[in-house]
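Examining the three-dimensional arrangement
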Amino acid sequence: MSANTFVDNAKVMAKGQVTIPKDIRKILGVTSGDRISFIVEGNTVRIVNSAVYAMQVLQQEMAGEAERAGLTSDEDIMAMVKELRDEDETA
């Protein structure tokens, strides 16, 4: 196992419910009412914070889009934002 591996266990109840141990909830950054995602990879299941996972997927999908749009510097991005704001104000 790698150095960042943490192992804990929980009992599966009759209805298939499992209580996520407190230390695991803390590591995932989830509290009551939050959503989690189950990612199945072969015979391994990862449990992740759904909000964090969604942001990671979005970041992966958006990787390189700024360069493809010709936005190669902070100045390019600021100019685009200003242009969009100006369009919004005149609409």
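I will try to describe carefully the structure that is included in this document. (Residues numbered from 1 in each chain as written. Predicted model: local features only at pLDDT ≥ 70, side-chain atom pairs only at ≥ 80, totals over all residues. Heavy atoms only, no water.)

1. Focus: the overall build of the protein
Per the secondary structure count, the protein includes four helices and two strands. Seen in sequence order, the protein has helices and strands lined up from the N terminus as α-β-β-α-α-α. Taken over C-alpha atoms, the radius of gyration comes to 21 Å for the protein, far larger than the 12 Å a tight globule of 91 residues would show. Based on the C-alpha atoms only, the size of the protein along its principal axes is roughly 60 × 30 × 20 Å. Counting all 91 residues of the protein, 10% fall into the buried class. The contacts of the protein with a sequence gap of at least 6 include a subset with a gap of at least 24, amounting to 0%. A total of about 8,100 Å² of accessible surface is found on the protein, and carbon and sulfur atoms cover 54% of it. Charged side chains of the protein number 10 positive and 15 negative; the gap between the two group centres comes to 19 Å. (Helix = DSSP H or I, 4+ residues; strand = E, 2+ residues; numbered from the N terminus. Rg over C-alpha atoms; globule rule 2.2 N^0.38 Å. Buried < 20%, exposed > 50% of the residue type's maximum accessible area, 1.4 Å probe, protein only. Contact = heavy atoms within 4.5 Å. Areas by Shrake-Rupley, 256 points an atom, 1.4 Å probe, with all protein chains shown as cover. Lys, Arg positive; Asp, Glu negative; His and termini not counted. Charge placed at Lys NZ, Arg CZ, Asp CG, Glu CD.)

2. Some details on the pattern of salt bridges
A full pass over the atoms with the stated rule returns three salt bridges. Across the pair Glu-41 and Arg-46 runs a salt bridge, and its minimum N-O distance is 3.3 Å. Residue Lys-82 pairs with Asp-86 through a salt bridge whose shortest N-O separation is 3.0 Å. Taken as a pair, Lys-82 and Asp-86 lie in helix 4 (residues 74-90) at a separation of four residues, close to a single helical turn. Residue classification places Lys-82 among the exposed residues on the basis of a relative accessible area of 52%. (Salt bridge = Lys/Arg side-chain N within 4 Å of Asp/Glu carboxyl O.)

3. Some points on the side chain of Ser-50
Relative to the elements of secondary structure, Ser-50 occurs in helix 2 (residues 50-62). Judged by relative accessible area, which is 18%, Ser-50 ranks as buried. Other than its neighbours up to four places away in sequence, Ser-50 contacts Arg-35, Ile-36 and Ser-37.

4. Considerations on the layout of surface pockets
In this model, the largest pocket occupies a volume close to 340 Å³. Residue lining of the largest pocket: Ile-24, Leu-28, Thr-44, Val-45, Arg-46, Ile-47, Val-48, Asn-49, Val-52, Tyr-53 and Gln-56, and that is the complete set. Among the secondary structure elements, those contributing two or more residues to the lining of the largest pocket are helix 1 (22-28), strand 2 (44-49) and helix 2. Ranked by residues supplied to the lining of the largest pocket, first place goes to strand 2 with six residues. The space that makes up the second largest pocket amounts to roughly 270 Å³. (1 Å grid on protein atoms, 1.4 Å probe; cavity = no way out; pocket = protein on both sides within 12 Å on 5 of 7 lines; lining within 4 Å. Points joined across faces, edges and corners; volume = space filled by probe spheres on them.)

5. Observations concerning the pairing of strand 2
Where strand 1 (residues 36-41) and strand 2 come together, six bridges link them in antiparallel fashion. For Val-40, the partnering residue across the bridge sits in strand 2 and is Val-45. Here strand 1 folds back onto strand 2, and the loop between the two strands holds two residues, one of which, Gly-42, carries a positive phi near 65°. (Pairing = 2+ DSSP bridges.)

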